[in-house]
Amino acid sequence: MKFVCEKALLVSAISVASRTVAPKSPMAALEGIHVHAGMKLQLTGYNLETGITVSVPAEIVETGTCILPARLFFDIVRKLPDEEVTVSVDDSYKVSIRCGISSFTITATDAENYPELPDVEYANGVSIPQRALKELISGTIFAVSENQTRPVHTGCRFEVTEKDMTVVAVDGYRLALRRFHFEEASGRVMTFVAPGAALKEVEKILGDTDEEARFTLGSKHLMFQIGEATLVCRLLEGEFLDWRRVLPTENPIKLTANVEQLNASIERVSLIVSERLKSPVRCVFSDNSADFKTVTTIGAAHDVCPVAGDGKNLEIGFNCRYLLDALKAVPAQEVTLELSNGLSPIVLTPTDGSDQFAYMVLPVRLKESM
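What counts, and at which threshold
Residues numbered from 1 in each chain as written. Predicted model: local features only at pLDDT ≥ 70, side-chain atom pairs only at ≥ 80, totals over all residues. Heavy atoms only, no water. Pairing = 2+ DSSP bridges. Helix = DSSP H or I, 4+ residues; strand = E, 2+ residues; numbered from the N terminus. Axes fitted to C-alpha atoms, helices over the stretch in contact; angles between N-to-C directions. Contact = heavy atoms within 4.5 Å. Salt bridge = Lys/Arg side-chain N within 4 Å of Asp/Glu carboxyl O. Buried < 20%, exposed > 50% of the residue type's maximum accessible area, 1.4 Å probe, protein only. pLDDT = per-residue confidence, 0-100. Phe/Tyr/Trp six-rings, centres within 6.5 Å; stacked < 30°, edge-to-face > 60°. Core = buried A, V, L, I, M, F, W, Y, C linked by side-chain atoms within 4.5 Å.

Undergrad: Account for the sheet that holds strand β8 (residues 94–99), naming residues and giving values.
TA: Pairing is antiparallel in the open sheet, where five strands are placed in the order β5-β1-β7-β8-β9. Bordering the open sheet on either side are β5 (59–62) and β9 (102–107), each of which pairs with just one other strand. Neighbour-to-neighbour, the strand axes of this sheet turn through a mean angle of 15°, independent of strand direction. Looking at chain direction, strand β1 (residues 2–6) and strand β7 (residues 84–89) are connected through five bridges and run antiparallel. Counterpart to Cys5 in the pairing with β7 is Val85. The strands that helix α1 (residues 7–17) touches are β1 and β7; relative to β1, the one it contacts most, it runs at about 100°.

Listed below in structure tokens is the structure:
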């Protein structure tokens, strides 16, 4: 096998493919990058749950296949001069890497035992701008559960209709929802749960561009096609939370706040809160103001944020990290806070009344000593 490729293109491809290389595996082949030089150059990383294949423009001098050590291959190519890289592999799997005056010799392994990525039929594909898909994922992925006792909640639920696509994540303490409206009918109706780990990799590959990404639903797997990269992951099975039932829709108290001001106030109060000192932030929503304070063994903090509306002196406690995560994901300068009572969740929705996003944070029981 022998190919010639621009250094920058090769570094980028190795970086993407190596994200799903298994760091430790009973199958030694999965700890490397599968390199296939055929009609085009393809690099693959696979950990039996998620696999990424990247096609790279290259001059194929001699076809062939091998497995290269992922970390070493990446480190070598990354440090090479900014010129064309020539990689050749002989029959004994000795690898020669040359670029300018630099040269390396390493050892590859036979790709015979490398498992094939699952096949996914191309018939059920849905196209969406990369920027939109990235916003859907980044606006919900922070709320997926890390609790493996309910594996289905460690992913995001996708609901696709002819008109729109809704992505929802829940972890038992909060809910994040984002929605995208198709300009033209999608032609598909489907529901599935994609694993959060795979979606984080998809998010990294997606660009801030209107170029289209495409995802295709199989019987047990999901495939994303983004430019020259293809990611395949296993679907999560199980009964996902009925989010429509738990998301409050009739909240009598509605306040409008500037996202930046609200975020800054909560960040200041949270300075004396840590993972070890898990103390809730107490908030009193009154007429045109939100009063935040907290007390820990470190000390006490207090801050006031202006809001529009009357909170009727409603008092509620919440985990500051959960609310900060939600505020950072709000795609607007202003947000509406919807409340019912001190035992009901805080719901953040758009000020324009659209259904593009919603974030729900459950309250924390307040201690009388605060």
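That covers the picture; the talk isn't over yet.
Undergrad: I'd love a proper account of the pattern of salt bridges, names of residues and values included.
TA: With the rule as written, the count across this model stands at 15 salt bridges. Across the pair Arg131 and Asp210 runs a salt bridge whose closest N-O atoms are separated by 2.5 Å. Taken together, the residues span a long stretch of sequence, with Arg131 in helix α3 (residues 130–138) and Asp210 in the loop between α4 (196–205) and β15 (212–217) at a distance of 79 residues. Judged by relative accessible area, Asp210 falls into the exposed class, the value being 57%. A salt bridge links Glu315 to Arg282, with the nearest nitrogen and oxygen atoms 2.7 Å apart.

Undergrad: So, the confidence of the model for the protein chain: which residues are in play, and what are the values?
TA: Here the protein chain averages 93 in pLDDT, and 97% of its residues register 70 or above. The weakest mean pLDDT in the protein chain belongs to helix α5 (residues 243–246) at 92; the strongest belongs to β7 at 98. In this model residues 366–370 is a low-confidence stretch, pLDDT under 50, and it forms 11 contacts with partners more than four residues away in sequence or in other chains.

Undergrad: Run through the pairing of strand β4 (residues 50–56), naming residues and quoting values.
TA: Counted residue by residue, β4 has seven buried out of seven residues, so it is predominantly covered. The side-chain alternation of β4 yields two buried faces, one formed by Thr50, Ile52, Val54 and Val56 and the other by Gly51, Thr53 and Ser55. Pairing geometry for strand β3 (residues 41–46) and β4, over six bridges, is antiparallel. When the sheet's bridge partners are listed, Tyr46 is paired in β4 with Gly51.

Undergrad: Tell me about the packing of aromatic side chains, residues and numbers included.
TA: Overall, the coordinates contain nine aromatic pairs when judged by the stated rule. Every member of this aromatic cluster is reached through a ring pair, and the members are Phe158, Phe192, Phe215 and Phe224.

Undergrad: Would you mind going over the nonpolar core in detail, with residue names and values included?
TA: Ranked by internal contacts, the top residues of the largest apolar core, which has 107 residues, are Leu10, Leu43, Phe215 and Phe292. Examining the composition of this core, we find that seven residues originate from one element, helix α7 (residues 320–329), more than from any other. The contact partners of Leu43, leaving out residues within four places of it in the chain, are Leu10, Ala13, Ile14, Ala17, Ile33, His34, Val35, Ile52, Thr53, Val54 and Val56. Of all hydrophobic cores here, the second largest spans 12 residues; its members include Leu175, Leu177, Phe240 and Val347.

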